[in-house]
Amino acid sequence: MIFQNLRFTVYLFLLVQFPSQASHLMGGEITWRCQGTQYIFTLKLYRDCNGITQGANITMESNSPAGNIPMSRIEMNDLTPVGTGCPTCASPIGYQNAVQEHIFESAPITLNGIPPVGGWYFAYSDCCRNVNITNLGAAGSGSFTLRAIMYPYHGRNTNPCFDNSPQFSEPPQLAICAGDTMFYNANVTDAEQDSVVFEWAHPLDGSHYAATFNYLFAANYYFNNPLPDDTINPNNINATLDPKTGMLNFKSVTSGVYVIVIKTTAYKCGIKVSEIFREHPIALMSGCYLTPVVPYNGALNTAPRLLDVQGNSYFNFKSTITPGDSVDLPFYITEYEPVNQTPPLTFQQFSLTASGDEFGRNYTSSNTGCPYPPCAQILSFNSLPTNLLDTVQPITPLFFPLQAQFRFVWKTECGQIVSNPDCNDLSSEYRFVLRLTDNFCPSPSVSYSTLTFLLQDIDPGAVRMKCISRNTNGHIQLTFLPPSDVGVLDSVTRINGFNVYRSLNGLNGPYSFVDSVYGFTITNPDTVLTFTDTLTASFSGNASYFLATKAGCTNRDLSYSDTISYIHLSGTANAYGANISWNPHLQPYSSTSTGVYQIYREQPAGSGNWVNVVGIAGGNIYQDNLPNGQDTVRYYVSMEDSAGGPCISYSDTIQIAVSPSVMIEEIRHLNDIEIFPNPGNGWFTLRSNSGIHPNMTVRILDISGHQLRTFNQLASSPTGTVKINLQDFKSGLYFLQLEENGYQSLRKILMIELP
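All of the points below concern the structure found in this document. (Residues numbered from 1 in each chain as written. Predicted model: local features only at pLDDT ≥ 70, side-chain atom pairs only at ≥ 80, totals over all residues. Heavy atoms only, no water.)

**A short note on the overall build of the protein chain**
Here is step 1 of the chain: For the protein chain, the helix and strand inventory stands at two helices and 49 strands.
Here is step 2 of the chain: In terms of overall size, the protein chain is more extended than a compact globule, its C-alpha atoms giving a radius of gyration of 39 Å where 755 residues would be expected to give roughly 27 Å.
Here is step 3 of the chain: Projected onto its principal axes, the C-alpha coordinates of the protein chain cover approximately 125 × 60 × 60 Å.
Here is step 4 of the chain: In the protein chain, the proportion of contacts linking residues at least 24 apart, taken out of those at least 6 apart, comes to 67%.
Here is step 5 of the chain: When the accessible surface of the protein chain is totalled, it reaches about 32,300 Å², and 52% of it is carbon and sulfur.
Here is step 6 of the chain: One finds the centroid of the 38 positive side-chain charges in the protein chain at a distance of 2 Å from the centroid of its 58 negative side-chain charges. (Helix = DSSP H or I, 4+ residues; strand = E, 2+ residues; numbered from the N terminus. Rg over C-alpha atoms; globule rule 2.2 N^0.38 Å. Contact = heavy atoms within 4.5 Å. Areas by Shrake-Rupley, 256 points an atom, 1.4 Å probe, with all protein chains shown as cover. Lys, Arg positive; Asp, Glu negative; His and termini not counted. Charge placed at Lys NZ, Arg CZ, Asp CG, Glu CD.)

In structure tokens form, the structure reads like this:
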């Protein structure tokens, strides 16, 4: 029995161990940050503890004005997993998960100039690559090159420093057990909240960056498919990389050592400003099996689980929240697997680590330790500091048995929306990564859970324009309602004011700022608000307005209302009385309006005898037949809206001298003209017993009075007819306006498209 156990142990050792090698570098990345007006560059190298030692000073090459940049080591960290029987960097015994992190930093550097279109590169090369790499061709014979690129932004000089590169909050996951399902997130952050995009990239070969080329992959592997896929083993789950979050997900039962390169590109206001390439291997270790004793039966070791209150696993949680929201997420950690291979069984323990720029000091402070307080916290269920995380440098993972619970707590405010004034951003994204690992050896199982929050300022929406008219002082007055409730946060609490913009040249502008509306009290979304334009008392033209909502954290113009125009009347006398037309005040009409323009006439002008002549729905042109001979009359039109109090939009008043009893020759001729067929399908015929006079003009108008087409110098046939072609017009109602020597006649025609 003793012999059998010994044989089993030796077999396991052979499965998980890889030959040592002389080369030592496994990966790394180059980043930079602003310190005052200057740049500090950081270069991280991940050293294989089985290889040769790493020197304390290196030189980074660059085509920037700084030239080659000397760097000194400022820190070394042992990334080797913790657990009984696991390797250490001091005693790696050939395991690929024995890794040491070396952090190098430059002195503060001034970069004076503008990067070229291709950018300034910052690179580091060394020889040679690990001979045990599975997915590269001729492994061990090529060179190792890290790089990062700084791009121009709007021709802006890089002196002073204005842009930090993306930073990695999580170290790379350098080894896992073959057969584990991995959800890994490097938790990339950007100090300016630039947008970041993730994609696969090529590892490079060459002794210095300017002469590098893409390293060749072994058969069945590619730069964008660098891990074992289902063509190698049907039990593998192909690797995917989320371009938005950087989440790497895969499962491989195929062991080996695989190099991956992930490029993180930062975009400032949609313009590429940097590319950071992180390269590292992932060692897929075999032999990670539990004891053959019931109930474990030699199953694959699995990572501790992070669960919500319903028992659901957390891997990639996303939520959109607004300033003022509080986040309070309870979590449970469970780990019930044995740590040893043979009885008597000792159960594994788990360790929790967390990363995220918005975590407070020691993960417990809401006021300090993060750039934009209030800070996120990890607390116990009774809101006290939890003992799950080591908070004293140097940080050492704390291990706990079986299960634990904690809460993720974060209070959000406007100050956490970090917006670039060039971008008009209304949101910031924050990401928190919770990392759980057990103490199973030789390679612990690890799980990553990512909490992503899009902190988005609420845009309550646009005001709802209702009415426009002149008050008794002749000033134009607007009546409107605030934005309707958006359902996420009541608009009543988020509106800071409205900016008013006006055009005195009609609907098409140009528009200029007039005034702001402040000091109102909104009790509900149907509160009636008004604005009076005191600068328009003497203006008689077509004034148009729109309002911009000033709201949320940024207090900027967010949403714009529909444009409302003062109703301006025009009119002429005709053979029967008068033709009047006007511009619509809103397009489309408010949903709470009647949709009907009421036409009022005073006859004779000045008598005070105003009569509601007719209501016009869906149009803004009318021919009024007067019953009482020669006279002077006045008109105005209006439309009511029930939601504005109610309110009524009024036009200006016009006066027209008419003589319907005098039937001069031009008027007789216009009135004698017949139009047929009506309805028609494209060709309409005009016929008159006296012929069509060549000085007559025919205009086609839509129901709003807009001119669509004009026909001039129409010569009639011997039969006194003229045809006009409207075959390209859509079905609907149109007006046909006849004009001769200043006199007009208006007819309706109906266009019907043939099937």
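**Some remarks on the environment of Ser351**
Here is step 1 of the chain: Mapped onto the fold, Ser351 is located in strand 22 (residues 349–355).
Here is step 2 of the chain: Along the primary structure Ser351 and Thr212 are separated by 139 residues, whereas in three dimensions their C-alpha atoms are 41 Å apart.
Here is step 3 of the chain: Excluding anything up to four places from it in sequence, Ser351 contacts Pro397, Leu398, Phe399, Arg435, Leu436 and Thr437.

**Topic: the sheet that holds strand 45 (residues 697–701)**
Here is step 1 of the chain: Taken in spatial order, the four strands of this open sheet run 46-45-48-49, and their pairing is antiparallel. Of all strands in the sheet, those bounded by a partner on one side alone are strand 46 (707–711) and strand 49 (743–751). Taking the axes of each pair of neighbouring strands and ignoring which way they run, one obtains an average angle of 20 degrees across the sheet.
Here is step 2 of the chain: Bridge analysis of strand 48 (residues 732–740) against strand 49 gives nine bridges, and the strand direction is antiparallel. Counted as the bridge partner of Leu733 is Leu750 from strand 49. (Pairing = 2+ DSSP bridges. Axes fitted to C-alpha atoms, helices over the stretch in contact; angles between N-to-C directions.)

**Looking at the environment of Ser638**
Here is step 1 of the chain: Within the element layout of this structure, Ser638 appears in strand 40 (residues 631–641).
Here is step 2 of the chain: Along the primary structure Ser638 and Thr719 are separated by 81 residues, whereas in three dimensions their C-alpha atoms are 45 Å apart.
Here is step 3 of the chain: Other than its neighbours up to four places away in sequence, Ser638 contacts Val596, Tyr597, Gln598, Tyr600, Ile648, Ser649 and Tyr650.

**Here's the deal with the side chain of Glu101**
Here is step 1 of the chain: Counting through the fold element by element, Glu101 comes out in strand 5 (residues 99–105).
Here is step 2 of the chain: Here Glu101 is in contact with Lys44, Leu45, Tyr46, Glu75, Met76, Asn77 and Leu79, once residues within four sequence places are set aside.

**A few points about empty space enclosed by the protein**
Here is step 1 of the chain: Scanning the model with the defined rule gives four cavities of 30 Å³ or more in all.
Here is step 2 of the chain: Within this model, the largest cavity holds a volume of roughly 110 Å³.
Here is step 3 of the chain: What lines the largest cavity is a set of 14 residues, and nearest its centre among them are Phe168, Tyr184, Ala186, Gly246 and Ile262.
Here is step 4 of the chain: Only strand 17 (256–268) and strand 18 (271–285) provide two or more residues apiece to the lining of the largest cavity.
Here is step 5 of the chain: Here the residues of the lining of the largest cavity sort into seven nonpolar, six polar and one charged. (1 Å grid on protein atoms, 1.4 Å probe; cavity = no way out; pocket = protein on both sides within 12 Å on 5 of 7 lines; lining within 4 Å. Points joined across faces, edges and corners; volume = space filled by probe spheres on them. Nonpolar A, V, L, I, M, F, W, Y, C, P; charged D, E, K, R; others polar.)

**Notes on a nonpolar patch on the surface**
Here is step 1 of the chain: Together, Ile703, Leu733, Leu750 and Ile752 make up an exposed nonpolar region whose accessible area comes to about 290 Å².
Here is step 2 of the chain: Structurally, Leu733 can be placed in strand 48.
Here is step 3 of the chain: Overall, Leu733 belongs to the partly exposed group, its relative accessible area being 38%. (Patch = residues over 30% accessible without salt bridge, like charges linked within 9 Å, V, L, I, M, F, W, Y side chains within 5 Å. Salt bridge = Lys/Arg side-chain N within 4 Å of Asp/Glu carboxyl O. Buried < 20%, exposed > 50% of the residue type's maximum accessible area, 1.4 Å probe, protein only.)

**Let's talk about the state of the cysteines**
Here is step 1 of the chain: Enumeration over the complete set of coordinates arrives at seven disulfides.
Here is step 2 of the chain: What pairs with Cys49 in a disulfide is Cys89, and their sulfur atoms sit 2.0 Å apart. The sign of the S-S torsion, about -100 degrees, decides the handedness of the disulfide formed by Cys49 and Cys89: left-handed. Within this pair, whereas Cys49 is found in the loop between strand 2 (38–48) and strand 3 (57–62), its partner Cys89 is found in the loop between strand 4 (69–78) and strand 5, the two being separated by 40 residues in sequence.
Here is step 3 of the chain: Assessed through its relative accessible area of 7%, Cys49 is described here as buried.
Here is step 4 of the chain: Residue Cys86 pairs covalently with Cys441 via a disulfide, S to S 1.6 Å. Linking Cys86 and Cys441, the disulfide has an S-S dihedral of approximately -100 degrees and is accordingly described as left-handed. Of the two residues, Cys86 is situated in the loop between strand 4 and strand 5 and Cys441 in the loop between strand 25 (427–438) and strand 26 (446–456); the sequence distance between them amounts to 355 residues. For the residue pair Cys86 and Cys441, the accessibility class agrees, reading buried in each case. (Disulfide = S-S within 2.5 Å.)

**Topic: unusual backbone geometry**
Here is step 1 of the chain: Here the amide bond leading from Pro373 into Pro374 is cis, since omega sits at 0 degrees, within 30 degrees of zero.
Here is step 2 of the chain: Inspection of the secondary structure puts Pro374 in the loop between strand 22 and strand 23 (377–379).
Here is step 3 of the chain: In this structure, Pro679 follows Asn678 across a cis peptide bond, with omega equal to 15 degrees.
Here is step 4 of the chain: Here Pro679 lies in the loop between strand 43 (674–676) and strand 44 (683–687).
Here is step 5 of the chain: We note that Gln193 has phi near 60 degrees; this positive angle belongs to a residue other than glycine.
Here is step 6 of the chain: Tracing the chain through its elements places Gln193 in the loop between strand 11 (188–189) and strand 12 (195–200).
Here is step 7 of the chain: Positive phi, close to 65 degrees, is recorded for Tyr363, a residue that is not glycine.

**As for the layout of surface pockets**
Here is step 1 of the chain: Approximately 890 Å³ is the volume attributed to the second largest pocket.
Here is step 2 of the chain: Contributing to the lining of the second largest pocket are 40 residues, with Gln193, Asp194, Ser195, Ser428 and Glu429 lying nearest its centre.
Here is step 3 of the chain: Every element with two or more residues in the lining of the second largest pocket is listed here: strand 11, strand 12, strand 17, strand 20 (316–321), strand 25 and strand 26.
Here is step 4 of the chain: For the lining of the second largest pocket, the element with the most residues is strand 25, which contributes five residues.
Here is step 5 of the chain: Its residues assigned to classes, the lining of the second largest pocket comprises 14 nonpolar, 15 polar and eleven charged.

**Side note on the nonpolar core**
Here is step 1 of the chain: Counting residues in hydrophobic clusters, the biggest one holds 66 residues, and the most contacted among them are Phe41, Leu43, Phe122, Leu248 and Phe250.
Here is step 2 of the chain: Residues Phe331, Ile378, Leu388 and Leu455 belong to the second largest nonpolar core, which totals 30 residues. (Core = buried A, V, L, I, M, F, W, Y, C linked by side-chain atoms within 4.5 Å.)

**Let's talk about the sheet that holds strand 28 (residues 476–481)**
Here is step 1 of the chain: One open sheet holds the three strands; their spatial order is 27-28-31, and the pairing between them is antiparallel. Across the chains shown, the open sheet's two edge strands, defined by having one partner strand only, are strand 27 (464–470) and strand 31 (529–533). When strand polarity is set aside, the average angle formed by the axes of neighbouring strands in this sheet is 20 degrees.
Here is step 2 of the chain: As paired strands, strand 28 and strand 31 are joined by five bridges and run antiparallel to one another. Each residue of the ladder has a partner; that of Leu478, found in strand 31, is Phe531.

**Here's the deal with the pairing of strand 17**
Here is step 1 of the chain: Where burial is concerned, most of strand 17 is hidden: twelve out of the 13 residues are buried.
Here is step 2 of the chain: In terms of strand pairing, strand 12 meets strand 17 through six bridges, oriented antiparallel. When the sheet's bridge partners are listed, Trp200 is paired in strand 17 with Ile262.
Here is step 3 of the chain: Hairpin connection between strand 17 and strand 18: a loop of two residues separates the two successive antiparallel strands, and Cys269 in this loop has a positive phi of roughly 55 degrees.

**Here's the deal with the side chain of Thr549**
Here is step 1 of the chain: Take Thr549: it is sitting in strand 32 (residues 544–551).
Here is step 2 of the chain: Using a relative accessible area of 0% as the deciding quantity, one classes Thr549 as buried.
Here is step 3 of the chain: Discounting chain neighbours no more than four positions away, the residues touching Thr549 are Gly461, Ala462, Val463, Pro483, Ile495, Gly497, Phe498, Arg556, Asp557, Leu558 and Ser559.

**Brief notes about the pattern of salt bridges**
Side-chain pairs of opposite charge can arise where the charged atoms are in close proximity.
Here is step 1 of the chain: This structure, assessed with the given rule, holds 18 salt bridges.
Here is step 2 of the chain: One salt bridge in this structure joins Lys272 and Glu275, with 3.4 Å as the shortest N-O distance.
Here is step 3 of the chain: One salt-bridge network, in which partners are shared between bridges, spans Glu199, Lys263, Lys272 and Glu275.

Structural measurements only, silent on function.
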